[in-house]
Amino acid sequence: MKPALFDYFRPTTVEEAFQLLSEYGDEGKLIAGGQSLVPILNMRLSAPECLIDINGLKELDYIHCEDGWLRIGALTRQREVERSGLVREKSPLLSEAVPFIGHMQTRNRGTVGGSLVHADPTAELPLSLLALNGSAVIESADEKREVGLGEFFVTYLTTDIRPGELLTEVKIPVDSVPKGYSFQEFSRRHGDFALVAAACVLDTDNEGRILTARLTLGGVDPIPVLAEDAAGILIGEKLTDTLLAEVGRIAAMNVDPEGDLHATREYRLHLARVFAKRAVQIAYIRATGKEGTS
Ligand SMILES: Cc1cc2nc3c(=O)[nH]c(=O)nc-3n(C[C@H](O)[C@H](O)[C@H](O)COP(=O)(O)OP(=O)(O)OC[C@H]3O[C@@H](n4cnc5c(N)ncnc54)[C@H](O)[C@@H]3O)c2cc1C
């Protein structure tokens, strides 16, 4: 199918984009990489009066590190994140996660901001950025605000972005980069959205005791889930098989997946248990060089 008719604007500054957003209100739709929006328009699930193409906003295309934050502009292509040495050094979890997004062609066009705002609950960027305790910088003509990703995702395909606002940047704290990280996902074919995905970052002391841990799960609720209870039991402990089994059990208890065409509820719960454990175990091995003991 083809999209309904729309007007098209390509601003070259954020101020121009804000002007268009306030002029068109709900009838103006931002387009970045177009990798999610264009299929939606083609299927006529959305028929905005105008498209505001933000590909001319070069000021939103950057990756740099400053004042203890890794800052990534919203228009940065996913492929740039994948190839960035700075991201590999400061945030290896992201470097590991991004190649799972679709195919190279998708990542060449798809942007960091577009993936976050599209807010698919299995998408790799939302899941990893939540594990990394990232924040979204959101701007409008009148206001600039920063929202932790724990509050940013509201429900399926819905975020805290309000009419007239633009996501301009994501920020990840990198003052101390956890030594352990792991991104794991299960999909039917490479390039498909995950059925279930898990991301973990953790740090240990010299004895292998876990000092900090964040674990997130995707595909098991309408938004990416921060599995705080499951990660909480790791703190102060060395990893054992018993502890790992408990992490999986609690992680699966704290999610509420729905069955669909691709997987039953029970299968998703099983995958949540398995992939939570796998993400924690690999992160622990990377942090300590040890598998843990039984
Ligand atoms: C074949 C295929 C396979 C894919 N597989 C995966 C996958 O496995 N995992 C995955 O995560 N994704 C996958 N995707 C989606 C891909 O990651 C998209 O790039 C992403 O979902 C949207 O990014 P985009 O830049 O293309 O945004 P667009 O499609 O341009 O926009 C998406 C939404 O975000 C809004 N938006 C965009 N930028 C901003 C901004 N800066 N501020 C406010 N609102 C904004 C738009 O208005 C729209 O509502 C796939 C896509 C395709 C076509």
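Structure: see above.
Just so we're clear, the structure is a prediction, and the values are computed from it rather than from any experiment. Position numbers for residues start from 1 in each chain and track the written sequence from start to end. For this predicted model, a pLDDT threshold of at least 70 governs which residues receive local features, and a threshold of 80 or more governs which side-chain atom pairs are given and counted, while totals over whole chains, interfaces and linings are taken from all residues. For the side-chain quantities, the full set of heavy atoms in the structure was used; hydrogens and water were omitted.

Draft legend 1. Focus on the sheet that holds strand β6 (residues 135-139). Across the sheet, which stays open at both edges, the five strands sit in the order β4-β5-β10-β6-β7 with antiparallel pairing between neighbours. The outermost strands of the open sheet, each flanked by one partner alone, are β4 (63-66) and β7 (144-148). For this sheet, the mean angle separating the axes of adjacent strands, direction not counted, is 25°. DSSP-based pairing: two strands are paired if at least 2 bridges between them are found. Helix and strand definitions follow DSSP, with helices as H or I runs of at least four residues and strands as E runs of at least two, each counted in order from the N terminus. Pairing geometry for β6 and strand β10 (residues 166-173), over five bridges, is antiparallel. Looking at the pairing, Ile138 lines up with Leu167 of β10. Helix axes are fitted to C-alpha atoms over the stretch in contact, other axes to C-alpha atoms as well, and angles between N-to-C directions run from 0 to 180 degrees.

Draft legend 2. Quick peek at the side chain of Thr216. Tracing the sequence through the fold places Thr216 in strand β13 (residues 210-218). Polar contacts, as used here, are pairs of N or O atoms within 3.5 Å; protein pairs need one atom able to donate a hydrogen and one able to accept it. Residues neighboring in sequence count only if both atoms are side-chain atoms. Of note is the side chain of Thr216, whose polar atom sits 3.0 Å from the backbone oxygen of Leu127. Discounting chain neighbours no more than four positions away, the residues touching Thr216 are Leu127, Leu130, Ala131, Ala197, Ala198, Ala199, Val225, Leu226 and Ala227. Contacts are assigned to residue pairs with any non-hydrogen atoms lying within 4.5 Å of each other.

Draft legend 3. Region of interest: the pairing of β13. Two elements, strand β12 (residues 196-204) and β13, share eight bridges in a ladder whose sense is antiparallel. Each residue of the ladder has a partner; that of Leu202, found in β13, is Ala213. Taking the residues that link successive antiparallel strands as the turn, the β12-β13 hairpin has five residues, and the phi of Gly208 there is positive, at about 95°. Summarising the sheet, β13 and strand β14 (residues 225-226) pair through two bridges and their orientation is antiparallel. Paired with Thr216 across the two strands is Leu226, which belongs to β14. With antiparallel pairing between neighbouring strands as the criterion, β13 and β14 make up a hairpin whose turn holds six residues, including Gly219 at a positive phi of roughly 85°.

Draft legend 4. Spatial organisation of the site of the ligand. The near set for a molecule or strand comprises every residue that places at least one heavy atom within 4 Å of it. Contacts to the ligand come from 29 residues, most closely from Leu30, Gly34, Ser36, Thr111 and Glu124. The side chain of Gln78 places a nitrogen or oxygen atom 3.2 Å from an oxygen atom of the ligand. Reported accessibility uses the Shrake-Rupley method at a 1.4 Å probe radius. Residues are deemed covered only where the shown protein chains occlude them. Expressed as a share of its isolated accessible area of 980 Å², the protein-covered part of the ligand is 88%. Broken down by secondary-structure element, the contributors of at least two residues to the shell around the ligand are β2 (28-31), α7 (112-118) and β10. In terms of residue count, the dominant contributor to the shell around the ligand is α7 (four residues). By residue class, the composition of the shell around the ligand is 13 nonpolar, 13 polar and three charged. Amino acid classes used here: Ala, Val, Leu, Ile, Met, Phe, Trp, Tyr, Cys and Pro are nonpolar; Asp, Glu, Lys and Arg are charged; the rest, including Gly, are polar.

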